[in-house]
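Close look at the chain arrangement
So you can see what is in the structure, the chains are spelled out below.
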Amino acid sequence: EFYPAYGHPLEAHWKSTTGTTGWTSGFFPGVLWNLFAYNNSSDGLRRAMDVTAPTAPFANKTDTHDVGFVIMSGYGNAYRLLRRDEYLNIMVTAARSLITRYSSTVRCIRSWNSQEGFLVIIDNMMNLELLFEVANLTNDQTFYDIAWSHANRTMYEHIRTDNSSYHVVEYNETDGSVIRKYTAQGYADWSTWARGQSWAVYGFTVAYRYTKHQPFLDKAIGAANYFLARLPSDTDLVPYWDFDTPYNSTLVYQPRDTSAAAIFASGLLELSQYAPTLDVRDRFWTRAKAIVDQLSSPTYLISGNKDYKLPALLANGTQGPYPKAVYDVALPYGDYYLTQAVIRLAESVPSGGSREDHHLNLLKLCFFLIVSYNFC
């Protein structure tokens, strides 16, 4: 079996990983579960189950924090939709694996393995949903406490006073103190990596969903307002890969990151539900919809360019850092969070708003693309 890692739009095949080795292996199953949530077809269910099954052994991995990404995108969605005990058991196994990486001294879950220092990346906020959800489903407070502790420490150390975010914080494993703050995928240590900012918005929104801890909501709103304020313009809503590169880099060309936009839009739609006023709620919902509109236009869709061959939804994803890592590519997490955002749009309306059908057409397009390509 193989699963999408990234893909060049002009090529017919994705660069791939396996169901048990790559951190992106849960996103293609997640797209299929999003499609099943939309069309509830028996064929869609079969495909989602078949593609998810090979990722089950990832739940036993203790050498990576990505167990949350992989298992929640696939099995988390599967359990939410089907409520099968075997899916819950895999989620519990994954949660137990993830908490082996927790340090009570640092008060965080280790992200990357390193010979020196205890490294935590802002992306790790996304793995907390696994712990919070399993805590709810099993009434095991340990999972909740570890997730809360990680979110709380991250809130103080990763989020700057202007609500932008650091990518990496290195802690002293012996006493828990901060050694340094830097980037591994952004432009500079002081800059704001766009996808990292979207992880922050989404992650603190999820943390608030489960805890109702007001500071988490405040950080999510602050980070969202920062993201919106740093977009290229009021009508140009897909960010450059790092918010600071257009003004500081000597490289003339700066790629966008559609995955950052998709993650942010999906997170912002949920965040709008928790907004303190109707005005803020409507502003967040309207901005999220506008971003999805732009992502689902010919400018960014693979299907919008007749020369593109890759069976994917979004082009113009940037892995980071540019130009060292791949850019202007399809990224499976971009497709996953875009389809999730479309589902959330279909299920929600702002005050005085109405549902629109053109986003559902995007899901239909996604379905036809996927069934035409044998990923597994």
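Here is what the cut-offs are and how they apply
- Residues numbered from 1 in each chain as written.
- Predicted model: local features only at pLDDT ≥ 70, side-chain atom pairs only at ≥ 80, totals over all residues.
- Heavy atoms only, no water.
- Phe/Tyr/Trp six-rings, centres within 6.5 Å; stacked < 30°, edge-to-face > 60°.
- Buried < 20%, exposed > 50% of the residue type's maximum accessible area, 1.4 Å probe, protein only.
- Lys NZ or Arg CZ within 6 Å of the ring centre and 35° of its normal.
- Salt bridge = Lys/Arg side-chain N within 4 Å of Asp/Glu carboxyl O.
- Helix = DSSP H or I, 4+ residues; strand = E, 2+ residues; numbered from the N terminus.

As recorded in an unreviewed UniProt entry, the protein chain goes by the name Glucuronyl hydrolase, listed as coming from Didymodactylos carnosus.

All told, the structure shown has 26 aromatic pairs when counted by the stated rule. With a centroid separation of 4.7 Å and 90 degrees between ring planes, the pair formed by Tyr322 and Tyr327 is classed as edge-to-face. Classification of Tyr322 as buried rests on a relative accessible area of 13%. Note that Lys212 overlies the ring of Tyr274, its terminal NZ or CZ placed 5.4 Å from the centroid. When the ring centre of Tyr240 is taken as origin, the NZ or CZ atom of Arg256, which lies over that ring, is 4.2 Å away.

Two side chains that carry opposite charge are able to pair once their charged atoms sit near each other. If you walk through the whole model with that rule in mind, you get 16 salt bridges. Between Arg153 and Glu157 there is a salt bridge whose closest N-O contact spans 3.5 Å. On the criterion of helical spacing, the pair formed by Arg153 and Glu157 is a turn pair, its members being 4 residues apart in helix α6 (residues 141-157). The salt bridge involving Glu170 is made with Arg180; its shortest N-O contact spans 2.8 Å. You can see Glu170 sitting in strand β6 (residues 168-171) and its partner Arg180 sitting in strand β7 (residues 178-182), a full 10 residues away along the chain. Given the relative accessible area of 42%, Arg180 is considered partly exposed. Ionic contacts of the salt-bridge type, sharing partners, join the residues Glu129, Arg209, Glu270 and Arg344 into one network.

Another point: unusual backbone geometry. Omega for the bond connecting Gly320 with Pro321 falls within 30 degrees of zero, at 0 degrees, which places this linkage in the cis form. Position of Pro321 relative to the elements: it lies in the loop between α11 (278-295) and α12 (332-347). Unusually for a residue other than glycine, Asp328 sits at a positive phi of about 50 degrees. Secondary-structure assignment places Asp328 in the loop between α11 and α12. By relative accessible area, Asp328 is classed as partly exposed at 23%.

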